[in-house]
Amino acid sequence: MNFLIRNYFFAADVWAGNIQNEMDARYQEKSMLTNLFTEHKFLGWAGLLSIFVAICAIFYFQFQAWEQEDHE
């Protein structure tokens, strides 16, 4: 009985996997963010780096302000 159940689930998994593969083959990404990293690599990574540096600067100056308040 376990053998029949195991084969049934295996066949269902293979069938679902085939459907997923067919769907993936026809899918086209149309995201502007994805295009930024695939077609304009330098601008994409430069923008990502600038966002990271800006967040780090915000944290740095905020911590500096808190330290200055603690010393006063």
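Anything mentioned here points back to the structure above.
Residues numbered from 1 in each chain as written. Predicted model: local features only at pLDDT ≥ 70, side-chain atom pairs only at ≥ 80, totals over all residues. Heavy atoms only, no water.

## Here we look at a nonpolar patch on the surface
Move 1: A cluster of nonpolar side chains, namely Ile51, Ile55, Phe59, Phe63 and Trp66, defines an oily patch on the protein surface of about 530 Å² accessible area.
Move 2: Within the secondary structure, Ile51 sits in helix H3 (residues 41-71). (Patch = residues over 30% accessible without salt bridge, like charges linked within 9 Å, V, L, I, M, F, W, Y side chains within 5 Å. Areas by Shrake-Rupley, 256 points an atom, 1.4 Å probe, with all protein chains shown as cover. Salt bridge = Lys/Arg side-chain N within 4 Å of Asp/Glu carboxyl O. Helix = DSSP H or I, 4+ residues; strand = E, 2+ residues; numbered from the N terminus.)

## Overview of the packing of aromatic side chains
Move 1: Counted by the stated rule, this structure contains three aromatic pairs.
Move 2: Between Phe59 and Phe63, the ring centres sit 6.4 Å apart and the planes meet at 20°, which makes this aromatic pair stacked. Taken together, the residues Phe59 and Phe63, both in helix H3 and four residues apart, mark about one turn of the helix.
Move 3: Of the residues examined, Phe63 reaches a relative accessible area of 46% and is grouped as partly exposed.
Move 4: With a centroid separation of 5.3 Å and an interplanar angle of 65°, the aromatic rings of Phe63 and Trp66 are classed as edge-to-face. Taken together, the positions of Phe63 and Trp66, both in helix H3 and three residues apart, correspond to about one turn of that helix.
Move 5: When its relative accessible area of 43% is taken as the criterion, Trp66 is described as partly exposed.
Move 6: A connected cluster of aromatic rings, assembled from ring pairs, spans Phe59, Phe63 and Trp66. (Phe/Tyr/Trp six-rings, centres within 6.5 Å; stacked < 30°, edge-to-face > 60°. Buried < 20%, exposed > 50% of the residue type's maximum accessible area, 1.4 Å probe, protein only.)

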